[in-house]
Amino acid sequence: MTAASSFARAATAKHPRHLCLKFAATQDGVRSALGDLRGFMQAARIGADACGTAEIVMAEALNNVAEHAYRMSGAGDIELTVRLTQSAVSACITDAGAPLPGLCLPEAEAPLDGSPQDNLPEGGFGWFLIHSLTSALTYRRVDGTNHLAIEMDLLPASEAR
Amino acid sequence: MDLSSSLKGDYQVITVNAPRIDAAAAIAFKEALRTQTAEGTCDVLLDLGAVDFIDSSGLGAIVAALKLVGPARRLDLARLTPDVAKVFRLTRMNTIFTIHEGLEDAAPRRAG
């Protein structure tokens, strides 16, 4: 009993702070990776609010890769690495799909702004959510691969309420 | 997608019996909602109490559902869980939809 509980404490103290995933660029592949990410962050005792924020950001970024970089072909892989520090989540998404148009990050315009009430937008929320919930975002195209680096604060001030 | 439907007050309450409305589920959600609301004439209350997570595709599908049901009928929302509420708040879609805390407070409020 004593041995078991001290083992449990040691295991908790050494919960991983680094996650590396490689998965098919499909909607189901993304969903499964998000489940792994949630489990990883919960094991590292990250609060529910920050876990939710990270899942929203990663869902948007990873689905963009599946839908646009690989054009829903499913013929390709996505690599996701996530590193936790005391105050932030750092993630990098790598894929070998098509580059972002113009080799730059899309603007963070709010879809509702300037949109008539009788013609509400059904899309265009993805990059807006990513920009809203991240503290830093860097895109690079290197040797035919896309690299999106994402930083999110783990402090409560990361989202204005 | 598993949706269940019942009548409560003036509303047709449609409950989403799934934990996610995400990119993988958005089309199935839209189709199931279209089927559930095709015959009705009541306003619709979409019960999201079992939904832990939506992404932008899921949000788009809910906006599409609003257009599908309207303009003659309303589509209101109830029982948003924290991560779902966050997506509505950030995109300001909480200003477009009427959002109820519970199913009980929706019907009496309309009567008054």
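Predicted, not measured: the structure shown is a model, and the values here were computed from it. What you see as residue numbers is a count from 1 along each chain, following the sequence as written. Each chain is given a letter, starting from A, and each ligand a number, starting from 1, according to the order in which they appear as written. Selection of residues for local features in this predicted model requires a pLDDT of at least 70, selection of side-chain atom pairs for listing and counting requires 80 or more, and totals for whole chains, interfaces and linings are taken over all residues. Hydrogens and water molecules were not included; the side-chain quantities draw on all heavy atoms of the structure.

A. Structural context of the interface of chain B and chain A. Contacts between residues were defined by any pair of non-hydrogen atoms, one from each residue, lying within 4.5 Å. Each partner contributes to the interface: chain B provides 26 residues, whereas chain A provides 31 residues. Taking both sides of the interface into account, the surface hidden between chain B and chain A amounts to around 2300 Å²; carbon and sulfur atoms contribute 58%. In terms of surface lost to chain A, no three residues of chain B exceed Ser56(B), Lys86(B) and Leu90(B), which account for 23% of the buried area on that side. Salt bridge criterion: a side-chain nitrogen from Lys or Arg within 4 Å of a carboxyl oxygen from Asp or Glu. Here chain B and chain A share 5 salt bridges between them. Summed over both partners, buried area is the accessible surface (1.4 Å probe) that two parts give up on being assembled.

B. Structural detail: unusual backbone geometry. A cis amide bond, omega 0°, links Gly70(B) with the succeeding residue Pro71(B). The secondary structure listing takes helices from DSSP runs of H or I that are at least 4 residues long and strands from runs of E that are at least 2 residues long, numbered from the N terminus. Mapped onto the elements, Pro71(B) comes out in the loop between helix H2 (56-69) and strand S6 (75-78). A positive phi angle is found at Arg71(A), which is not glycine, with a value near 50°. Along the chain, Arg71(A) turns up in the loop between helix H3 (48-69) and strand S2 (77-84). Here Arg71(A) falls in the exposed class, since its relative accessible area comes to 61%. Positive phi outside glycine occurs at Asp143(A), with the angle close to 50°. By the element assignment, Asp143(A) lies in the loop between strand S4 (136-142) and strand S5 (145-153). Classification of Asp143(A) by relative accessible area gives exposed; the value is 77%. Here the term buried applies to any residue with accessible area under 20% of the maximum for its type, exposed to any over 50%, and partly exposed to those in between, with areas from a 1.4 Å probe on protein chains only.

C. How the structure looks around the packing of helix H2 (residues 27-43) of chain A against H3(A). Residue and element names in this part refer to chain A. A fitted line through C-alpha atoms serves as each axis, taken over the contacting stretch for helices, and the angle formed by two N-to-C directions is quoted from 0 to 180°. Relative orientation of the contacting elements H2 and H3 amounts to 155°, with a least axis distance of 10 Å. The angle between H2 and H3 falls in the class roughly antiparallel. For H2 against H3, the interelement crossing comes out right-handed. Here H2 contributes Gln27, Val30, Leu34, Leu37, Arg38, Met41 and Gln42 to the contact with H3, which in turn contributes Ala48, Ala50, Cys51, Gly52, Ala54, Glu55, Met58, Ala59, Leu62, Asn63 and Glu67. Of the residues assigned to the contact of H2 with H3, the class counts are 11 nonpolar, 4 polar and 3 charged. Any angle that falls under 35 degrees is termed roughly parallel, while one over 145 is termed roughly antiparallel, one within 65 to 115 roughly perpendicular, and all others oblique. Note: crossing handedness is left-handed where the near helix turns anticlockwise from the far helix by less than a right angle, and right-handed where it turns clockwise. Amino acid classes used here: Ala, Val, Leu, Ile, Met, Phe, Trp, Tyr, Cys and Pro are nonpolar; Asp, Glu, Lys and Arg are charged; the rest, including Gly, are polar.

D. Layout of empty space enclosed by the protein. Any residue with an atom within 4 Å of a point lines the site, the site being either a cavity, points on a 1 Å grid over the protein atoms alone where a 1.4 Å probe fits but cannot get out, or a pocket, an open set with protein on both sides within 12 Å along at least 5 of 7 lines. Grid points are joined across faces, edges and corners, and a volume is the space filled by probe spheres set on the points. The tally for this structure, following the rule as stated, stands at 1 cavity of 30 Å³ or more. Approximately 40 Å³ is the volume attributed to the largest cavity. In terms of lining residues, the largest cavity is bounded by Gln27(A), Val30(A), Arg31(A), Leu34(A), Asn63(A), Asp22(B), Ala23(B), Ala24(B) and Asp55(B). Top contributing element to the lining of the largest cavity by residue count: H2(A), with 4 residues. Here the residues of the lining of the largest cavity are counted per class, giving 4 nonpolar, 2 polar and 3 charged.

E. Just the layout of surface pockets, in detail. Here the largest pocket defines a volume of roughly 380 Å³. Surrounding the largest pocket, 21 residues form its lining, Glu67(A), Glu122(A), Gly123(A), Ser56(B) and Ser57(B) being those nearest its centre. Elements with a contribution of two residues or more to the lining of the largest pocket: H3 and helix H4 (126-133) of chain A together with helix H1 (26-37) and H2 of chain B. Here the lining of the largest pocket takes 5 residues from H3(A), the largest share from any one element. Here the lining of the largest pocket is composed, by residue class, of 6 nonpolar, 10 polar and 5 charged. As a volume, the second largest pocket reaches approximately 240 Å³. Lining the second largest pocket are 17 residues, and of these Asn64(A), Val65(A), Ala69(A), Leu100(A) and Trp127(A) sit closest to its centre. Of all the secondary-structure elements, those providing two or more residues to the lining of the second largest pocket are H3, strand S3 (88-95) and S5 of chain A. Sorting elements by how many residues they give to the lining of the second largest pocket places H3(A) first, with 5 residues. Of the residues assigned to the lining of the second largest pocket, the class counts are 12 nonpolar, 4 polar and 1 charged.

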